[in-house]
Amino acid sequence: QSYNAQAAVDVESMLIVENHITQQSNDKLELAPAVESLCSLPDRLGSVDNLLADTGYFSQNNVEQCKGKDIVPYIAAEREQHNAAPEERFTEPEPLLGLADPVTEMKHRLKTIGGKAIYAKRKSTVEPVFGIIKAALGFRQFFLRGLKLVAGEWDLVCIAYNLKRMYALS
């Protein structure tokens, strides 16, 4: 009876643009279905350019899948230390020499000042959504049982969040 709720959130609007439920405890396997779902959205909604995800989603396969869909991945490969020294935060890394595999490219991108700025948006995008769902909407547990019913319940929670957000945006 373990359910793992997933949500992809647009950085600009903070609207949930993809959601699903899984019984996998590991998030690594959840990036592929999210990317597939995002890429199947109608063109009029825009396209996915960048994907920001924490270390729980990091794998070589996930990075390569993003690259194969023309999505620039910003997936943390390891936990970063808090309060890095200013010279670390404001210094560009040495450029990559020669061809590099997608994981090496992404790790290098995350060390750049621009990459750090883009990745930092993850904390202020998806984390508040889950906080609002828990605190403001009061949703802390699933009340139904069975994957299909729980998926429907999660859809309703995400719709409720999006309606609340769209009202705030108007």
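Below you will find a few notes about this structure. (Residues numbered from 1 in each chain as written. Predicted model: local features only at pLDDT ≥ 70, side-chain atom pairs only at ≥ 80, totals over all residues. Heavy atoms only, no water.)

1. Some details on the pattern of salt bridges
Across all of its chains, the model carries 3 salt bridges by this definition. Residues Glu36 and Lys69 are paired through a salt bridge, measuring 3.1 Å at the closest nitrogen-oxygen approach. With a gap of 33 residues between them, Glu36 in helix 1 (residues 31–39) and Lys69 in the loop between helix 2 (60–68) and strand 4 (72–75) connect regions that are remote in the sequence. Look at Glu36 and you get partly exposed, because its relative accessible area is 38%. We classify Lys69 as partly exposed; its relative accessible area is 33%. Arg122 is the partner of Glu127 in a salt bridge, and the nearest nitrogen-oxygen pair spans 3.0 Å. (Salt bridge = Lys/Arg side-chain N within 4 Å of Asp/Glu carboxyl O. Helix = DSSP H or I, 4+ residues; strand = E, 2+ residues; numbered from the N terminus. Buried < 20%, exposed > 50% of the residue type's maximum accessible area, 1.4 Å probe, protein only.)

2. Examining the pairing of strand 1 (residues 4–9)
Burial within strand 1 is extensive, with 5 of its 6 residues counted as buried. The pairing of strand 1 with strand 2 (residues 16–22) spans 6 bridges and is antiparallel. Counted as the bridge partner of Ala5 is Ile21 from strand 2. (Pairing = 2+ DSSP bridges.)

3. Quick word on the environment of Leu144
Mapping Leu144 onto the fold places it in the loop between helix 6 (126–135) and helix 7 (147–169). Overall, the relative accessible area of 38% leaves Leu144 in the partly exposed class. When near neighbours in sequence (up to four residues on either side) are disregarded, Leu144 contacts Leu149, Val150 and Glu153. (Contact = heavy atoms within 4.5 Å.)

4. Section: the state of the cysteines
This structure, assessed with the given rule, holds 0 disulfides. A disulfide-free cysteine, Cys66 has its sulfur positioned 8.5 Å from the sulfur of Cys39, the nearest such atom. In this structure Cys66 comes out as buried when scored by relative accessible area, which is 0%. Cysteine Cys158 is unpaired, with the sulfur of Cys39 as its nearest cysteine sulfur at 19 Å. (Disulfide = S-S within 2.5 Å.)

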